[in-house]
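Residue-level listing of the chains:
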Amino acid sequence: MSQKIKLLVDGAFVESSTPTYLPVENPATLEILAEVPLTLPEEINQAVNAARRAFTTWKEVATPERARLFLKYQHLLKQHQNEIAEILSRENGKTFLDAMGDVWRGIEVVEHACNIPTLMMGETVENVARGVDTYSYVQPLGVCAGITPFNFPAMIPLWMFPMAIACGNTFVLKPSEQTPMTSIRLAELFLEAGFPNGVLNIVHGAKDQVNHLLTHPDIKAISFVGSVPVAEHVYRTGTQHLKRVQAFGGAKNHMVVMPDANKQQVINSLVGASCGAAGQRCMAISVAVLVGEAQQWAEDIKTALSTINPGVWNDESAAYGPLINRQSKEKVLRLINSAHLEGAKILLDGSNYSVKGYEKGYFVGPTLLGDVTADMSVYKEEIFGPALLLMNAASLDEGISIINSNPYGNGTSIFTNSGAAARKFQHEIEVGQIGVNIPIPVPLPFFSFTGWRRSFFGDLHAYGKQGVRFYTETKTITARWFEEDLPGGNVNMTIQL
Ligand code: NAD
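Residues numbered from 1 in each chain as written. Predicted model: local features only at pLDDT ≥ 70, side-chain atom pairs only at ≥ 80, totals over all residues. Heavy atoms only, no water.

Trainee: Sorry, what's going on with the layout of surface pockets here?
Mentor: To find leftover empty space, one rolls a probe the size of a water molecule over the atoms. Space inside the largest pocket adds up to approximately 990 Å³. Around the largest pocket, the lining comprises 43 residues; the ones closest to its centre are Phe150, Gln178, Gly226, Ser227 and Val230. Of all the secondary-structure elements, those providing two or more residues to the lining of the largest pocket are helix H6 (155–166), helix H8 (207–215), strand S11 (219–225), helix H9 (228–240) and helix H12 (326–341). Class assignment of the residues belonging to the lining of the largest pocket gives a composition of 21 nonpolar, 16 polar and six charged. Class assignment of the residues belonging to the lining of the second largest pocket gives a composition of 14 nonpolar, three polar and four charged. Residue contributions to the lining of the second largest pocket reach at least three from each of two domains, namely domain 1 (3–249 + 459–479) and domain 2 (253–436). (1 Å grid on protein atoms, 1.4 Å probe; cavity = no way out; pocket = protein on both sides within 12 Å on 5 of 7 lines; lining within 4 Å. Points joined across faces, edges and corners; volume = space filled by probe spheres on them. Helix = DSSP H or I, 4+ residues; strand = E, 2+ residues; numbered from the N terminus. Nonpolar A, V, L, I, M, F, W, Y, C, P; charged D, E, K, R; others polar. Domains from an automatic or database assignment.)

Trainee: How should I be thinking about the pattern of salt bridges in this particular structure?
Mentor: Inspection of the entire model under this criterion finds 19 salt bridges. In this structure, aspartate 371 and lysine 345 form a salt bridge, with 3.5 Å as the shortest nitrogen-oxygen distance. Of the two residues, aspartate 371 is situated in the loop between strand S16 (367–370) and helix H13 (377–380) and lysine 345 in strand S15 (residues 345–348); the sequence distance between them amounts to 26 residues. Look at aspartate 371 and you get partly exposed, because its relative accessible area is 36%. Residue lysine 345 is classed as partly exposed on the basis of its relative accessible area of 46%. Here lysine 424 and glutamate 428 are joined by a salt bridge, their closest N and O atoms 3.2 Å apart. One end of the pair, lysine 424, and the other, glutamate 428, are both in helix H15 (residues 419–428), four residues apart, so they sit about a helical turn from each other. We classify lysine 424 as partly exposed; its relative accessible area is 27%. (Salt bridge = Lys/Arg side-chain N within 4 Å of Asp/Glu carboxyl O. Buried < 20%, exposed > 50% of the residue type's maximum accessible area, 1.4 Å probe, protein only.)

Trainee: Help me understand the side chain of histidine 80, please; the structure alone is not making it clear to me.
Mentor: Mapped onto the fold, histidine 80 is located in the loop between helix H2 (63–79) and helix H3 (81–92). There is a polar contact of 2.7 Å between the side chain of histidine 80 and the side chain of glutamate 83. For histidine 80, the residues in contact, after removing those within four places along its chain, are Arg185 and Leu189. (Polar contact = N/O pair within 3.5 Å; in protein donor to acceptor, adjacent residues only side chain to side chain. Contact = heavy atoms within 4.5 Å.)

Trainee: It is not clear to me how the confidence of the model for the protein chain should be interpreted in this structure. Could you clarify?
Mentor: For residues with low pLDDT, the predicted coordinates do not support detailed interpretation. In the predicted model, the protein chain carries a mean pLDDT of 97, and 98% of its residues have values of at least 70. Complex prediction metrics read pTM 0.96 and ipTM 0.98. (pLDDT = per-residue confidence, 0-100.)

Trainee: Looking at this structure, I do not really get the nonpolar core. What am I missing?
Mentor: As a rule of thumb, nonpolar side chains are buried together in soluble globular proteins. Membership of the largest hydrophobic core comes to 68 residues, with the highest contact counts inside it found for Phe70, Tyr73, Trp159, Ile165 and Phe171. Those residues in contact with isoleucine 165 that lie beyond four places of it in its chain are Trp58, Arg66, Phe70, Phe171, Phe190, Phe195, Val199 and Leu200. Counting 61 residues, the second-largest nonpolar core is a separate cluster that includes Ala304, Ile308, Val364 and Leu396. (Core = buried A, V, L, I, M, F, W, Y, C linked by side-chain atoms within 4.5 Å.)

Trainee: Sorry if this is basic, but what is going on with the site of the ligand here?
Mentor: Of all residues adjacent to the ligand, which total 28 residues, the nearest are Lys174, Glu177, Ser227, Gly249 and Glu382. The separation between an oxygen atom of the ligand and a polar side-chain atom of lysine 174 is 2.8 Å. Within the contact set of the ligand, an oxygen atom lies 3.2 Å away from a backbone nitrogen or oxygen of glycine 226. Look at the ligand: alone it shows 840 Å² of surface, and the protein chains cover 88% of it. The pocket occupied by the ligand, as judged from atoms lying within 2 Å of grid points, is the largest pocket. When contributions to the shell around the ligand are tallied by element, the ones reaching two or more residues are H6, H8, S11 and H9. When its residues are assigned to classes, the shell around the ligand shows 14 nonpolar, ten polar and four charged. Looking at which domains feed residues into the shell around the ligand, each of domain 1 (3–249 + 459–479) and domain 2 (253–436) supplies at least three. (Near = heavy atom within 4 Å. Areas by Shrake-Rupley, 256 points an atom, 1.4 Å probe, with all protein chains shown as cover. Sits in = over half its atoms within 2 Å of the grid points.)

Structural data, given as structure tokens:
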């Protein structure tokens with residue numbers, strides 16, 4: 001019997017009474033690591049109630065005191081970084097080094113949450129009228145919920161609950177049912193740091209559990225990260241139930257390669273950005289747009305990609321791990337096959353790759369497809385696998401036009417030695433996160449994660465100042481203190497000339 005994953009309700013880890021559990025599978029070995037419950041509606045209500053009760057006292061805890069608890073939490077996360085990364089690698093499949101990066105990027109958000117007193121500063125204007133001052137505070141919303149994907153089991157939950165809780169909210173997290181174990185370890189350390197019971201709660205499950213959260217009257221705000229159709233559903237349903245929603249979806253990220261770029265840097269960057277984490281990053285570069293003479297680099301890109309191999313999480317020679325599950329592997333193979341049928345050049349085909357000793361694992365070898373055009377299925381769908389598509393463009397203008405015609409807008413990059421080309425690109429491109437000679441431009445937590453178009457539904461983005469604005473409401477006070485009795489009785493709106 002494998003371990004049953006617990007819920008976290010009001011500071012206690014409890015077993016769900018549901019009869020229905022899903023397996024949590026190691027995607028390299030197919031070993032069942034644990035079973036995750038499809039939490040019952042009344043258990044979700046208990047978690048929300050615990051968060052609602054905790055809010056009444058947590059919001060009154062002094063802001064610097066909340067920051068101090070996050071300092072303790074940051075310390076504990078760093079202390080246990082290797083152990084968290086190992087849990088994460090086993091359930092997600094990514095290599096240990098990549099898992100360490102996943103945990104580290106989450107720790108950086110916790111560090112950001114330690115600055116919460118400064119981040120929550122309001123605005124003031126003295127003398128908006130004679131003797132009258134206006135000032136604003138930001139105050140927490142109440143119970144917030146987070147729904148997370150499988151591909152960053154540490155970083156993405158840590159994008160959400162630390163910022164929300166630092167602002168004075170309480171939280172209900174619904175981690176991916178495919179990678180729920182990392183969240184439990186993050187929560188154990190959270191409790192060890194000394195946060196009060198009920199401030200963070202965890203429920204597990206899938207579609208039905210998410211829908212219950214989206215329609216729960218006591219939840220004020222929803223943060224979601226996952227695929228585009230679900231992001232859209234979460235945004236529509238959550239806002240229809242009058243909640244604040246930020247919903248981050250999938251992507252198709254392009255790198256424009258100008259012929260004046262440093263060729264070796266381009267090739268190194270493309271290998272890591274396309275196949276790292278088996279291409280299962282929302283900011284992975286899945287399309288290289290080769291401009292002019294750069295089209296001649298296809299063969300060298302192929303040579304570089306053919307030197308890397310996938311493997312199991314603790315194989316130090318492995319560049320990346322397996323795909324998360326059988327359906328993901330089947331989707332990637334279907335898209336590679338469709339590219340072949342629709343006229344792309346198959347420069348490198350990872351479809352029949354297997355790792356010795358792990359033949360049943362969901363591995364796909366590095367794949368390179370040339371002469372891809374915008375009408376092919378492999379281009380239109382998010383592939384989320386270790387495959388790089390090459391497209392040709394005659395000019396930077398054509399490259400920009402290809403990217404701006406794509407419905408997604410998460411990330412993009414340009415490799416060039418021309419400041420003018422980079423400046424034109426960053427100005428004209430309709431994508432929210434842009435790298436200049438940086439392949440995966442994920443902003444550090446003092447900025448915000450700013451996907452655009454169908455990669456994001458909402459307005460205020462994750463972490464940074466926007467994250468604080470998302471998890472708070474502004475209260476504006478206009479005040480006058482009388483020094484002496486003044487004549488009163490004016491009922492008209494005042495004007496000052
Ligand atoms: P997913 O959409 O399948 O699942 C995400 C979450 O939604 C999970 O917690 C899942 O239980 C829940 N869910 C799934 N189907 C649902 C439904 N029909 N109704 C309600 N809830 C549902 O995504 P995934 O496969 O776990 O993650 C990969 C996707 O996430 C990719 O598309 C990737 O690009 C995207 N992603 C985006 C970002 C970003 O910042 N934009 C970051 C990471 C991942």
